[in-house]
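# Commentary on secondary and tertiary structure
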Amino acid sequence: MKETNAVVTGGAGFIGSLLVDRLLADGKSVVVIDDLSTGNLSNLERAREQGGNNFKFESLDVRSAVTTELIADLKPEAVFHLAAQVDLRHSVDDPLLDAEINILGTLRVLEGARRCATKKVVVAASGGTLYGDQEHTHLPFKESLEPKPQSPYGISKATTMSYLSAYQELYGLDGTALALANVYGPRQDPHGEAGVVAIFAGQLLEKTESTIFGTGEQTRDFVYVQDVVEAFIKASEVEKMDFCNIGTGIETSVNELYETMASLLNNASEPNYLPSRSGEIERSALDPTYAQSSLGWVSTTSLSDGLSKTIEWFKEN
Ligand SMILES: NC(=O)c1ccc[n+]([C@@H]2O[C@H](COP(=O)([O-])OP(=O)(O)OC[C@H]3O[C@@H](n4cnc5c(N)ncnc54)[C@H](O)[C@@H]3O)[C@@H](O)[C@H]2O)c1
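Now for a look at the structure at hand. All values derive from a computational prediction rather than experimental measurement. (Residues numbered from 1 in each chain as written. Predicted model: local features only at pLDDT ≥ 70, side-chain atom pairs only at ≥ 80, totals over all residues. Heavy atoms only, no water.)

### A closer look at the pattern of salt bridges
Using the criterion set out here, one finds 13 salt bridges in the structure. Measuring nitrogen to oxygen at the nearest pair gives 3.1 Å for the salt bridge that ties D26 to R22. Its relative accessible area of 40% is what places D26 among the partly exposed residues. Under the relative-accessibility criterion, R22 is labelled partly exposed at 25%. Look at the salt bridges and you will find they share partners, linking R22, D26, E230 and K234 into a network. (Salt bridge = Lys/Arg side-chain N within 4 Å of Asp/Glu carboxyl O. Buried < 20%, exposed > 50% of the residue type's maximum accessible area, 1.4 Å probe, protein only.)

### A few points about the site of the ligand
Lining the immediate surroundings of the ligand are 30 residues, of which F14, D34, T38, Y153 and K157 lie closest. Between the ligand and the protein, one listed contact pairs an oxygen atom with a backbone N or O atom of S37 at 3.1 Å. Within the side chain of K157, a nitrogen or oxygen atom sits 2.8 Å from an oxygen atom of the ligand. Protein burial of the ligand: of its 820 Å² of free accessible surface, 98% is covered by the chains. (Near = heavy atom within 4 Å. Polar contact = N/O pair within 3.5 Å; in protein donor to acceptor, adjacent residues only side chain to side chain. Areas by Shrake-Rupley, 256 points an atom, 1.4 Å probe, with all protein chains shown as cover.)

### With respect to empty space enclosed by the protein
Following the criterion strictly, the structure yields 1 cavity of 30 Å³ or more and no others. Approximately 40 Å³ is the volume found for the largest cavity. Of all the elements in the fold, those that place two or more residues in the lining of the largest cavity are α5 (95-115), β5 (120-126) and α7 (152-171). Residues of the lining of the largest cavity, tallied by class, amount to 4 nonpolar, 4 polar and 1 charged. (1 Å grid on protein atoms, 1.4 Å probe; cavity = no way out; pocket = protein on both sides within 12 Å on 5 of 7 lines; lining within 4 Å. Points joined across faces, edges and corners; volume = space filled by probe spheres on them. Helix = DSSP H or I, 4+ residues; strand = E, 2+ residues; numbered from the N terminus. Nonpolar A, V, L, I, M, F, W, Y, C, P; charged D, E, K, R; others polar.)

### Some thoughts on the sheet that holds strand β11 (residues 243-246)
Taken in spatial order, the 7 strands line up as β3-β2-β1-β4-β5-β6-β11 in an open sheet, and their pairing is parallel. Pairing within the sheet leaves two strands with one partner each, and these edge strands are β3 (55-59) and β11. Averaged over all pairs of adjacent strands, the angle between their axes in this sheet comes to 20°, without regard to strand direction. Where strand β2 (residues 30-34) and β3 come together, 5 bridges link them in parallel fashion. Within β3, the position partnered with D34 by the bridge is S59. Seen against the sheet, helix α1 (residues 14-25) touches β1 (6-9), β2, β3, β4 (78-81) and β6 (175-180) and runs at an angle of roughly 165° to β1. Contacting β5, β6 and β11, α7 runs over the sheet at an angle of about 155° to β5. (Pairing = 2+ DSSP bridges. Axes fitted to C-alpha atoms, helices over the stretch in contact; angles between N-to-C directions. Contact = heavy atoms within 4.5 Å.)

### Some thoughts on the side chain of N102
One can find N102 in helix α5. Separated by 3.2 Å, the side chains of N102 and S156 make a polar contact. Apart from the residues lying within four places of it in its own chain, the contact partners of N102 are A84, Q85, Y153, S156, K157 and T160.

### Brief notes about the pairing of β6
Most of β6 is tucked away, with 6 of its 6 residues classed as buried. Sheet analysis places β5 next to β6, joined by 6 bridges and oriented parallel. In the strand pairing of β6, A125 is matched with A179. Note: β6 against β11, 4 bridges, orientation parallel. By the bridge assignment for β11, A179 is matched with N245.

### Overview of helix α10 (residues 254-264)
Within α10, the full set of buried residues consists of V254, N255, L257, Y258, M261 and A262. When α10 is viewed along its axis, its buried side chains cluster within an angular range of 160° and face the same direction. Against the buried residues of α10 lie α8 (195-206), β8 (211-213), β10 (222-224), β12 (252-253), β13 (272-274) and α12 (303-316). Looking at the residues trailing α10, positive phi occurs at N266, about 50°. (Arc of directions from axis to C-beta.)

### Structural notes on the packing of aromatic side chains
A full pass over the atoms with the stated rule returns 7 aromatic pairs. Plain terms: the ring middles of Y167 and Y171 are 4.9 Å apart, the flat faces sit at 70° to each other, and that makes the pair edge-to-face. One end of the pair, Y167, and the other, Y171, are both in helix α7, 4 residues apart, so they sit about a helical turn from each other. Relative accessible area serves as the criterion here: at 40%, Y171 is assigned to the partly exposed category. A ring pair is formed by Y184 and F222, whose centres lie 6.5 Å apart and whose planes are at 75°; its orientation type is edge-to-face. On the criterion of sequence distance, the pair formed by Y184 in strand β7 (residues 182-184) and F222 in strand β10 is long-range, its members being 38 residues apart. Put simply, the rings of Y184, F222 and Y224 touch in pairs and so form one group of aromatic residues. Against the face of F213 rests R277, its NZ or CZ located 3.9 Å from the ring centre. (Phe/Tyr/Trp six-rings, centres within 6.5 Å; stacked < 30°, edge-to-face > 60°. Lys NZ or Arg CZ within 6 Å of the ring centre and 35° of its normal.)

### Points about the pairing of β2
Taken residue by residue, a regular strand's side chains alternate between the two faces of the sheet. Burial analysis of β2 places 5 of its 5 residues in the buried class, the great majority of the element. Along β2, one buried face is formed by V30, V32 and D34 and the opposite face, lined by V31 and I33, is buried too. Inspection of the sheet shows β1 paired to β2 by 4 bridges, in the parallel sense. Bridging across to β2, V8 finds its partner in V32. Remark: the β2/helix α2 (residues 45-51)/β3 crossover connection has right-handed handedness. (Right-handed = clockwise from strand over helix to strand, strands pointing away.)

Right under this line is the structure:
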């Protein structure tokens, strides 16, 4: 393998693997670090086929000291850190594990990047949990709002952002965090943050009943995964930009999402409603204005186009 251009942690996951495909398509050499806890080697089949000598997979836990050593030895130009405990509800059940992976794991990665003076670190943060419940007049949420994470997951992801800023101040490590909205698309696992799209896709295709918690009027900002991959690429190319939202700015209710997906699949079945789950925020959408001015990024895929592509992928897989 030639010199490493990029390390992608969490590269066997949903967003990470599509980022890996893109980097390889751009002619970069990529090393993936992933412990396969929620990711899957099948997500890396294209990378193996197309990447050849430019692609390498390391089965490794980001919490391990070996992660720091490996990144320091590889001296990549850019580190994309996406490995995380991604399940919000699991973080409520086991906040220690969440903190170990999301905070200590991030420190292992940042230490590796610092030791080899990587040019750029881009970290996946969570815009969906960073702002928490705000006055609805603040929608869509801007980066200037005071963060109010309400779950251990939200807190660990927000802490990651603080460390990134501190590493910039202390060691001059150039890091950018992307506060992602609810990402959906091909390869999505039902357990992730925007898992609802994958869950509905599975249920509607198998013609089993879907469950909506609460009234279904709760809103989220759904952003298509290829647009998010583009944001990671753009973030790796800018200098000294702390963090920005990556979302569409558009609120979509869970009911609207269900109806759009059901109509794309010509499925007329009604969902089943259960009481809402505690800890879920009412409304969320992320203002993308700063992403446009700082990264030159906008989401270009409409929800219906993105959902059509996602459904096609679920049909084939
Ligand atoms: N999907 C979303 O809507 C969304 C929204 C906001 C932020 N994010 C963030 O984006 C990143 C990617 O999320 P995703 O949706 O692709 O989830 P994912 O579960 O598909 O990807 C996470 C990857 O990290 C790996 N991983 C987990 N723990 C690890 C560890 N200890 N060591 C090494 N690898 C480990 C998993 O095996 C998996 O491949 C995460 O940091 C997540 O917090 C996702």
